[in-house]
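# Observations on the model geometry
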Amino acid sequence: MRGWIRTGVGVLIVLVLLFPLYWMLNASLQPSGALLRPTPEFLPLPATLDGYREALATQGGHLLSSLLVAGGTVVVSLVIATPAAYSLAQLRWRGGPVFVFALLIVQMIPGIVMANSLYALFGDLGLIDNYLGLVLADSTATVPFAILVLRAFMVAIPRELSEAARVDGAGHWRTFVSIIVPVSRNAVVTAGVFAFLFAWADFLFAMTLTTGQGIEPVTVGIYRFVGNQTADWNGIMATAVLAAIPAAILLVVAQRYVVAGMTGGAVKE
Amino acid sequence: MSRRAAAIAFLLPALLYVLVFFGYPLVYNLLMSLRDFSVRSFYTGQAPFVGVANYVAALGNPVFARAALNTVWFTVGSIVFQFGIGLALAVFFNGRFLGSATLRALLLLPWLLPLVVSGAVWRWIFDQDHGVLNTALRLVGLPAIPWLTDTGWALPAVILTNIWIGIPFNLVLLHGGLRAIPGSLYEAAALDGAGGWQRFRSITWPLLRPVTGIVLMLGLVYTIKVFDVIMVITGGGPANATQTLTTFSYSLSFHDFAFGQGAAIGNVLILVSTVFGFVYLRSARESLT
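Residues numbered from 1 in each chain as written. Chains lettered and ligands numbered in written order. Predicted model: local features only at pLDDT ≥ 70, side-chain atom pairs only at ≥ 80, totals over all residues. Heavy atoms only, no water.

## Observations concerning the domain arrangement of chain A
All names here are of chain A. Note the cut-off: Delimitation of the domains relies on an automatic or database domain assignment. Here a residue-residue contact requires only that any non-hydrogen atoms of the pair lie within 4.5 Å. The buried area of a pairing is the accessible area, by a 1.4 Å probe, that goes missing from both parts when the two are put together, added over both. For this analysis, a salt bridge means a side-chain nitrogen from Lys or Arg found within 4 Å of a carboxyl oxygen belonging to Asp or Glu. Whenever a nitrogen or oxygen atom comes within 3.5 Å of another N or O atom, the pair is scored as a polar contact, on the condition that within protein one atom can donate a hydrogen and the other can accept it, and that pairs from neighbouring residues in sequence are kept only if both atoms are in side chains.
Each assigned domain of chain A is listed with its residue range as follows: domain 1 (1-48) and domain 2 (54-264). Here the C-alpha centroids of domain 1 and domain 2 sit 32 Å apart. Domain 1 puts eight residues into the contact, and the matching count from domain 2 is eight residues. Carbon and sulfur atoms supply 71% of the area that domain 1 and domain 2 bury against each other, a total of about 600 Å² over both sides. Area buried by domain 1 at its contact with domain 2 is led by Met24, Ser28 and Ser32, which between them contribute 63% of it. Taken together, domain 1 and domain 2 are joined by zero salt bridges. Linking domain 1 with domain 2 are four residue pairs in polar contact (both at pLDDT 80 or more), by the criterion used here.

## Considering the environment of Ser273 of chain B
Selection criterion: Where helices and strands are cited, they refer to DSSP runs of H or I of at least four residues and of E of at least two residues respectively, numbered from the N terminus.
The residue Ser273 of chain B is located in helix α14 (residues 259-288) in this model. A sequence separation of 53 residues divides Ser273 of chain B from Leu220 of chain B, and the C-alpha atoms of the two residues are 8.5 Å apart. Dropping the residues within four chain positions of it, Ser273 of chain B is found in contact with Met108 and Pro110 of chain A together with Ile224 of chain B.

## What to know about the packing of helix α9 (residues 172-183) of chain A against helix α1 (residues 3-33) of chain B
Any two packed helices are characterised by how steeply their axes cross, that is the angle between the axes, and by the distance between the axes. For clarity, the threshold we go by: Note on geometry: axes are C-alpha line fits, over the in-contact stretch for helices, and angles between N-to-C directions span 0 to 180 degrees. When describing relative orientation, an angle under 35 degrees is termed roughly parallel and one over 145 degrees roughly antiparallel, while 65 to 115 degrees is termed roughly perpendicular and anything else oblique. Each residue is assigned to one class: nonpolar for Ala, Val, Leu, Ile, Met, Phe, Trp, Tyr, Cys and Pro, charged for Asp, Glu, Lys and Arg, and polar for all the others, Gly among them.
Where α9 of chain A meets α1 of chain B, the closest approach of the two axes is 10 Å, and the angle between their N-to-C directions is 55 degrees. It follows that α9 of chain A is oblique to α1 of chain B by the angle criterion. Contact residues: His172, Trp173 and Phe176 of chain A in α9 of chain A; Arg3, Ala6 and Phe10 of chain B in α1 of chain B. In the contact of α9 of chain A with α1 of chain B, the residues fall into four nonpolar, one polar and one charged.

## A word on the environment of Leu18 of chain A
This is how it is decided: Residue burial is assigned from relative accessible area. The probe radius is 1.4 Å, only protein chains are included, and a residue is buried under 20% of its type maximum, exposed over 50%, and partly exposed in between.
Inspection of the secondary structure puts Leu18 of chain A in the loop between α1 (3-17) and α2 (19-28). Since its relative accessible area comes to 13%, Leu18 of chain A is described here as buried. Aside from chain neighbours lying at most four places away, what touches Leu18 of chain A is Leu106, Leu109 and Pro110 of chain B.

## Things to note about the nonpolar core
Cut-off, in case you're wondering: Only buried Ala, Val, Leu, Ile, Met, Phe, Trp, Tyr and Cys residues count toward a nonpolar core, and they belong to the same one when joined by side-chain atoms within 4.5 Å.
Membership of the largest hydrophobic core comes to 187 residues, with the highest contact counts inside it found for Met24, Leu118, Phe122, Ile147 and Met237 of chain A together with Val117 of chain B. The biggest single contributor to this core is helix α4 (residues 50-91) of chain A, with 16 residues. Counting only domains with at least three residues in this core, you end up with domain 1 (1-48) and domain 2 (54-264) of chain A. Not counting chain neighbours up to four residues away, the residues in contact with Leu118 of chain A comprise Gly123, Ala137, Phe205 and Leu209 of chain A together with Phe21 and Pro25 of chain B.

## A closer look at the interface of chain B and chain A
Contacts between chain B and chain A engage 89 residues on the former and 98 residues on the latter. Counting across the interface, chain B meets chain A through zero salt bridges. At the boundary of chain B with chain A, the tally comes to 12 residue pairs in polar contact (both at pLDDT 80 or more). Per-element tally for the side of chain B that touches chain A: the top contributor is α1 of chain B, with 20 residues.

## A short note on the environment of Phe81 of chain B
Residues and elements named next belong to chain B. Mapped onto the elements, Phe81 comes out in helix α4 (residues 62-94). Overall, Phe81 belongs to the partly exposed group, its relative accessible area being 48%. A C-alpha to C-alpha distance of 26 Å links Phe81 and Phe97, two positions 16 residues apart in sequence. Apart from the residues lying within four places of it in its own chain, the contact partners of Phe81 are Gly86 and Ile163.

## Some points on unusual backbone geometry
Of note, the amide linkage connecting Leu45 of chain A to Pro46 of chain A takes the cis form, showing an omega dihedral of -5 degrees. Inspection of the secondary structure puts Pro46 of chain A in the loop between α3 (32-35) and α4. Going from Gly237 of chain B to Pro238 of chain B, the amide bond is cis rather than trans, its omega being -10 degrees. Residue placement: Pro238 of chain B occurs in the loop between α12 (228-233) and α13 (245-254). Of note, Arg92 of chain A is a non-glycine position whose phi angle comes to about 50 degrees, a positive value. The residue Arg92 of chain A is located in the loop between α4 and α5 (96-106) in this model. Since its relative accessible area comes to 47%, Arg92 of chain A is described here as partly exposed.

Structure below.
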């Protein structure tokens, strides 16, 4: 196939597959009434920002809650996972391989099982409707992944590098902070990006570990919004667009890390 | 500090985390499934031991059979099409042409969005009176379909949504696998006069096998535990037509407050996932160690 024909077909494929996203954007910019006409408008003309005003008014706090939970999850995941990965990849304790295997297994535990028992545990600890509770719950998905991705990267760091630092009198902690972490920057960013994306998108824990009386992440906000009988699609789609923004931003600024993470958990290149 | 002590010290936070946040819930879930655990239990601390009664009740519930079958259909339907379309796109975008990298990157978007967002968007698309899908059907003279209110159409509708969500994942992993195949093989085959289909069958497909196995197994493990998409689009309905094992477990625990039965279904899910998980680990062992 000639190059430009192929580009044309490629553009067509992307247009078809991304049409639902255009349709979301389209509905988010039209007055609610216009969305209920017999034939839909394919262009949001005249456009209105009413949906976004409503989204920010009713879901703005939920977006902020999600941001806090996602940020907290990134911090907790990296603080726990980075030293662990250093230990597994470079210090190599006998029990390490068993631990790695355990991580691979626990990664496959369905979230609903975690939610079921965390609900009981958090009830006792007073962590229901709590930011720390959601951060710790979300970390159950992100910590094992982060350790595995970081370890896979750190295994490739020559041992001579950290041994040289040790010869120069640096302790294990010093070696970790000033050599291993900077060298592993890319893997740390990948693990962080994925922790953020997961926690931002989390619905199961947000749904089960909150009661609707306290904090409410935006995923639950959208779910309740959609569930209203008088579905106001303009406001819902505007909220959906706002909730999609972090993913879109990361795709633009951190695409390399996203692809690395998608393949990193599965195949080593 | 000796290396061994340092190794353990650096690993300690993670060890503790895994023990508390995986070990405890797993054991707790097992104990919960053997007890009559209700809302009252949370206040009184009383949950009488009932043996396998929860399993008998949950597995004997007619919804269980429905949910299990739906989970199979959902998983098989999703994976067959995600993989097929993902592979076709991976082959297409593997060639170098103007904009191929940018277009491929754009296709990642559906996978990166929160599932709740994708679910909401598709629910709007499936809307019976105002959804664009039925508008298109009417345009070509076909009758509108009650996508989400008809027991026959709801499952295909959520499967369609999940296929859309999963294509990018398959595309990226398979594309990575394709790039690892040396181009010289194709050149040699072309010199021998092999056509496009023949090159795919005798070079691409066999050499892609290891990646194929990993993609399918990961897809299986992810898809079996589907929750978000179904909750947002149909909530498991109408009349349990889209109930899966996860949504069934959720509704037992958090809707009926029969936590013991919810935990029992959860343990069934663990069993299924670990069986596939072990198959995956076996097939991926070489690339992981």
